[in-house]
Amino acid sequence: MTSTRELLAEHPFLAGLPAGWTDRLAGTVRRIGYPASDRIFHEGGPAEHFWLIHTGRVALDIHVPGRGDVLIETLGPGAVLGWSWLFPPYRWHFGAVAAEQTGTVQFDAAAVMRLCQDDPQFGFELLHRFIGVVVDRLQTTRIRLLDLYGYPP
C-alpha cells in the first residue's frame, strides 16, 4: 500500500514542491474514501477542507432553480477538489458527489492556512497552484453553462 507521503509526492498538484514542504503538508492530512453517490459537500456549506483525488471520480454540480443540481465537471485522479477554503466567506461555490468509489487525501484547510502564514514563500507557491485550479474550474463552468443555456448564433 502506498504511504500518504508517497501519494502527496506523486500527485501532480504538488509536483516539484521541496520535500520539506510536502512533509509539512503531510501533517495536515488524512486519507478518506468515498463510496459512489456519497455527497462530499453541498454548495453553500462551510469550506473547511480540500482534497487530492488519487482514485475514482468526483462530480461537481451547481444548483439551478427549476433544474435541480446540474453537472458542471467530473474530476478524476490527479485533480484537486476544493478551493473555496481560501477566500471569504469560506463557503463552497459548487457541490461535490463521488461519481464512483473514490480515494482521496483530505487536508485540514485551517492547518494549511497556518503553514502558509508561517512561511510566505510556501504560501505563495501553494496559492499560485490554487489560482490555476480556480481559473480552470471557472472556465469549465462558463463553457458548461453556455452549453446548457445555448450560445446565441
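Above: the structure in question.
Residue positions are given per chain, counted from 1 along the sequence in the order it is written. Under the rules for a predicted model, residues below a pLDDT of 70 receive no local features and side-chain atom pairs below 80 are neither given nor counted, while totals for whole chains, interfaces and linings still include all residues. Side-chain figures throughout are based on the complete set of non-hydrogen atoms in the structure, without hydrogens or water.

Novice: Which parts of the structure should I look at to understand the packing of helix H2 (residues 19-26) against helix H4 (residues 120-149)?
Specialist: If you want to describe how two helices pack, look at the angle between their axes and the distance between the axes. To define axes, lines are fitted to C-alpha atoms, for helices over the stretch in contact only, and angles between the resulting N-to-C directions are given on a 0 to 180 degree scale. Note on conventions: DSSP H or I runs of at least 4 residues are helices, E runs of at least 2 residues are strands, and numbering of each starts at the N terminus. At their nearest, the axes of H2 and H4 sit 12 Å apart, and the two run at 80 degrees to each other. Judged by the angle between their axes, H2 and H4 are roughly perpendicular. Listed contacts from H4 to Trp21, Arg24 and Leu25 of H2 are Gln121, Phe122 and Glu125. Each residue receives one of three labels: charged for Asp, Glu, Lys and Arg, nonpolar for Ala, Val, Leu, Ile, Met, Phe, Trp, Tyr, Cys and Pro, and polar for the others, Gly being one of them. Class assignment of the residues belonging to the contact of H2 with H4 gives a composition of three nonpolar, one polar and two charged. The scheme is simple: roughly parallel for angles under 35 degrees, roughly antiparallel for over 145, roughly perpendicular for 65 to 115, oblique for anything else. We call two residues in contact when some of their heavy atoms are within 4.5 Å.

Novice: Would you explain unusual backbone geometry in this entry?
Specialist: Among all residues except glycine, the phi angle is most often negative; among peptide bonds, the trans geometry is most common. The linkage connecting proline 88 with the following residue, proline 89, adopts the cis geometry, with an omega of 10 degrees. Phi angles above zero are rare outside glycine, and serine 37 is one such case at about 75 degrees. Considering the arrangement of structural elements, one finds serine 37 in the loop between strand E1 (29-34) and strand E2 (39-41). Whether a residue is buried, partly exposed or exposed follows from its accessible area with a 1.4 Å probe, protein chains only, as a fraction of its type maximum: under 20%, in between, or over 50%, in that order. For serine 37, a relative accessible area of 62% puts it in the exposed group.

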